[in-house]
Amino acid sequence: MLIRKPADVRPSEITSYDNYLNRRDFMRAGAIAGGALLAPSALAAVVPDAKRARLPDVSESPYSTGESPNSYEDITTYNNYYEFGTGKDDPAVHARDFEPRPWTIEVEGHAEKTGTYDFDDFVKPFDLEERIYRMRCVEAWSMVIPWVGISLAAVVKRLRPTSKARYVAFETLHDARRMPGQRSRWSLDWPYREGLTIAEATNPLPILAVGLYGEVLPNQNGAPIRLVVPWKYGFKGIKGIVRIRFTERQPPCSWNMAQPREYGFYANVNPDVDHPRWSQARERRIGAGIFAEKQPTLMFNGYGEHVAHLYDGLDLRLNY
Ligand code: MTE
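Residues numbered from 1 in each chain as written. Predicted model: local features only at pLDDT ≥ 70, side-chain atom pairs only at ≥ 80, totals over all residues. Heavy atoms only, no water.

Trainee: An account of the overall build of the protein chain is requested, with residue identities and associated values reported.
Mentor: Along the protein chain, the regular secondary structure elements total nine helices and 13 strands. Considering the protein chain as a whole, with its 320 residues, one finds that 56% of them fall into the buried category. Residue pairs at least 24 apart in sequence account for 74% of intrachain contacts in the protein chain once pairs closer than 6 positions are excluded. (Helix = DSSP H or I, 4+ residues; strand = E, 2+ residues; numbered from the N terminus. Buried < 20%, exposed > 50% of the residue type's maximum accessible area, 1.4 Å probe, protein only. Contact = heavy atoms within 4.5 Å.)

Trainee: Tell me about unusual backbone geometry, and please be specific about residues and values.
Mentor: Across the junction of R101 and P102, the peptide omega takes the value -10 degrees, indicating a cis bond. Tracing the backbone shows P102 in the loop between α4 (90-94) and β2 (104-109). Here the residue pair A223 and P224 is connected by a cis peptide bond, since its omega of 0 degrees sits within 30 degrees of zero. Of note, P224 is situated in the loop between β9 (215-216) and β10 (226-228). Despite not being glycine, A267 has its phi angle at roughly 50 degrees, a positive value.

Trainee: I'd like to hear about the packing of aromatic side chains, residue by residue, with values.
Mentor: Tallied over the entire structure, the rule returns 14 aromatic pairs. Aromatic pair Y72 and Y213: ring centres 6.1 Å apart, planes at 55 degrees, arrangement tilted. Of the two residues, Y72 sits in helix α3 (residues 72-77) while Y213 sits in the loop between β8 (207-212) and β9, which places them 141 residues apart along the sequence. Between the aromatic rings of Y78 and W141, the centroid separation amounts to 5.1 Å while the plane-to-plane angle is 85 degrees, which identifies the pairing as edge-to-face. One end of the pair, Y78, is in the loop between α3 and α4; the other, W141, is in strand β5 (residues 141-151), and 63 residues separate them in sequence. Chaining the aromatic ring pairs together yields one cluster made of Y167, F265, Y266, F300 and Y311. A cation sits over an aromatic face here: R134 above Y303, 4.8 Å from the ring centre. (Phe/Tyr/Trp six-rings, centres within 6.5 Å; stacked < 30°, edge-to-face > 60°. Lys NZ or Arg CZ within 6 Å of the ring centre and 35° of its normal.)

Trainee: Just give me the short version of the sheet that holds strand β6 (residues 167-172), but keep the residues and values in it.
Mentor: Strand order in the open sheet formed by five strands is β3-β2-β11-β6-β7, and the pairing between neighbours is mixed. Strands with a single pairing partner mark the edges of an open sheet, and in this sheet they are β3 (115-118) and β7 (193-197). Each strand axis lies, on average, 20 degrees off the axis of its neighbour in the sheet, ignoring direction. Strand direction decides the pairing type here: β2 and strand β11 (residues 241-247), joined by four bridges, are parallel. Directly across from V107, in β11, lies its bridge partner I244. (Pairing = 2+ DSSP bridges. Axes fitted to C-alpha atoms, helices over the stretch in contact; angles between N-to-C directions.)

Trainee: Tell me about the pattern of salt bridges, and please be specific about residues and values.
Mentor: All chains considered together, the criterion is met by 19 salt bridges. For K88, the salt bridge goes to E139, with nearest N and O atoms at 3.1 Å. Placement of K88 in the loop between α3 and α4 and of E139 in the loop between β4 (128-136) and β5 is noted, with a sequence separation of 51 residues between them. The same class applies to K88 and to E139, which are both buried. One salt bridge in this structure joins E129 and R131, with 2.9 Å as the shortest N-O distance. Of the two residues, E129 and R131, both sit in the buried class. A network of salt bridges, in which partner residues are shared, links E108, E171, R243 and R245. (Salt bridge = Lys/Arg side-chain N within 4 Å of Asp/Glu carboxyl O.)

Trainee: Tell me what's going on with the nonpolar core, and back it up with residues and numbers.
Mentor: Formed by 80 residues in total, the largest nonpolar core has its most connected members in F122, W147, F170, L208, I225, L227 and F246. Counting residues per element, this core draws most heavily on β5, at six residues. Discounting residues that sit within four places of it in the chain, F170 has contacts with L152, Y192, R193, E194, G195, L196, L208, L227, I238, I241, R243 and I244. (Core = buried A, V, L, I, M, F, W, Y, C linked by side-chain atoms within 4.5 Å.)

Printed below as a string of structure tokens:
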């Protein structure tokens, strides 16, 4: 293992978001030697060129915001996906040849329907919905993204968690041959991990996204499947998911493990709780132009009517 465990790393060595963004010591492995051909699959059958292909039977959702979405270019060229580099333009370049097929999802822990699912079989039982959501990154920028996805609540229900399941944990693929950023010793403790409480995961808003702009999800945005939780900072939206585990205890989450004083488990968008190194009161809308004024950040990213009740009795200043 090239990456040291947190116990071996002095706090002064832990790299923060903004340091990451300046650092360019990633191995620029370029194209990854992937499998030559796509494995046959249900989605690929409907959409022969899975690289830029429309998804069938996508319905609109009442949960979509009325704001105009960012351009396809903004959404697919300004990304955070450290498995493919730390620069905003790295994922589009270094994930270009990533092959998100074949792909399996392991379901583990306190649930009745545990096991290994082929990605297409996993998605097939659910309706594809377009959900146009604001995304607020903890770095104080935002976008509006027309995701296509399946309801996480519906997925959780179908997997039948037992009464012991209090949290849902997610993990990204861990394969440094296919994800060159995972070879960096200056990076996160791979694989990227995230988690939600069961109450959060069964709220109607979160989705597992498999597309955007009506098309198959681009690699840089987390193909073939990633989490979207619109009232939380973007880092909760884990990409390239290969494992879902129902747990009794709060699962470890990547940014919280790396910098617990800066990134909390809940990570609800909150303009009143500043990041220790910058204000969270306002945000820069990507694509608005360099002269555009920053706009005020909204509590729960504007989704409070749907989710504020989940945190009744919790001090949001402490449980950030
Ligand atoms: N998931 C993985 N596996 N690796 C990452 O580096 N970055 C997170 C999140 N999911 C990240 C990830 C962060 S910090 C943000 S802001 C969003 O993905 C960005 O999603 P986007 O690039 O699709 O806009």
